Amino acid sequence: MAGSLKDCKTIVLDFDKLSKPEVDKIVALVGSESNLRFLSLRDNGIDEADALALAEALKHNRNLYSLRYRENPLGAAVVGAIASHPALTDLDMRGTKIGDEGAASLAQLLSSSAVLTGLQLRSASIGESGAVALARSLTHHPALAL
């Protein structure tokens, strides 16, 4: 799969419960020097270990600009790794339940990143402390649209 998809610029796999081998192929593709610009993985049943592998693969990808990672689990470490991607301008993490810890991790990265311009966090189980941390980070990131 990864070899045949190397030239794809857009991949949408929404609502497709991915098996471990399929997730591994996506991770390999994201970590390669592919032409992938947009990846949508909505409600795929990806577990946190695979999400961390995907986040690590993103560190080797300079072409992906938009990631839709809705309704899949994310912990604070995964949120930080994804949000620190150097070229990502649009990140959709609705329904990921990142909580206050994930929001604080994201806020810390937003304070130093000027690339991300779109962020969606609805239904991410963010409480007051996470919301305050995000609000404070926005003073350092005026281009970001929530």
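## A word on the side chain of Asp-90
(1) Moving on: For Asp-90, the position within the fold is in strand S4 (residues 90–92).
(2) Moving on: Those residues in contact with Asp-90, other than ones at most four positions away along the chain, are Tyr-65, Ser-66, Leu-67, Arg-68, Leu-116, Gly-118 and Gln-120.

## Things to note about the pattern of salt bridges
(1) Moving on: Summed over the entire model, instances satisfying the criterion amount to nine salt bridges.
(2) Moving on: Lys-20 is paired through a salt bridge with Asp-50; the nearest N and O atoms lie 2.7 Å apart. Placement of Lys-20 in helix H2 (residues 20–31) and of Asp-50 in helix H3 (residues 48–58) is noted, with a sequence separation of 30 residues between them.
(3) Moving on: With a relative accessible area of 47%, Lys-20 lands in the partly exposed category.
(4) Moving on: A residue is classified by how much of its surface remains accessible, and Asp-50, at 7% relative accessible area, is buried.
(5) Moving on: For the salt bridge of Arg-94 with Asp-92, the shortest nitrogen-to-oxygen distance reads 2.6 Å. Just as Arg-94 is buried, Asp-92 falls in that class too.
(6) Moving on: Via salt bridges that share partners, Arg-42, Arg-70, Glu-71, Asp-92 and Arg-94 belong to a single interconnected network.

## Looking at the packing of H2 against H3
(1) Moving on: Packing of H2 against H3 leaves a shortest axis separation of 8 Å and a crossing angle of 15 degrees. What the angle tells us is that H2 and H3 run roughly parallel. Here H2 and H3 pass one another in a crossing that is right-handed. On the side of H2, the interface is formed by Lys-20, Val-23, Asp-24, Val-27, Val-30 and Gly-31, while H3 contributes Asp-50, Ala-53, Leu-54, Ala-57 and Leu-58.
(2) Moving on: Class assignment for the residues of the contact of H2 with H3 results in seven nonpolar, one polar and three charged.

## Side note on the environment of Gly-45
(1) Moving on: By secondary structure assignment, the location of Gly-45 is in the loop between strand S2 (38–40) and H3.
(2) Moving on: Between the C-alpha atoms of Gly-45 and Ile-126, which are 81 residues apart in sequence, the distance is 21 Å.
(3) Moving on: If we skip the residues at most four places from it in the chain, Gly-45 touches Lys-17 and Asn-72.

## Concerning the side chain of Asp-92
(1) Moving on: Mapped onto the fold, Asp-92 is located in strand S4.
(2) Moving on: Asp-92 sits in the buried class, given a relative accessible area of 0%.
(3) Moving on: There is a polar contact of 2.6 Å between the side chain of Asp-92 and the side chain of Arg-94.
(4) Moving on: Every residue in contact with Asp-92, bar those within four places of it in the chain, is listed here: Leu-67, Arg-68, Tyr-69, Arg-70 and Gln-120.

Parameters and conventions
Residues numbered from 1 in each chain as written. Predicted model: local features only at pLDDT ≥ 70, side-chain atom pairs only at ≥ 80, totals over all residues. Heavy atoms only, no water. Helix = DSSP H or I, 4+ residues; strand = E, 2+ residues; numbered from the N terminus. Contact = heavy atoms within 4.5 Å. Salt bridge = Lys/Arg side-chain N within 4 Å of Asp/Glu carboxyl O. Buried < 20%, exposed > 50% of the residue type's maximum accessible area, 1.4 Å probe, protein only. Axes fitted to C-alpha atoms, helices over the stretch in contact; angles between N-to-C directions. Parallel < 35°, antiparallel > 145°, perpendicular 65-115°, else oblique. Left-handed = near helix turned anticlockwise from the far one by under 90°. Nonpolar A, V, L, I, M, F, W, Y, C, P; charged D, E, K, R; others polar. Polar contact = N/O pair within 3.5 Å; in protein donor to acceptor, adjacent residues only side chain to side chain.

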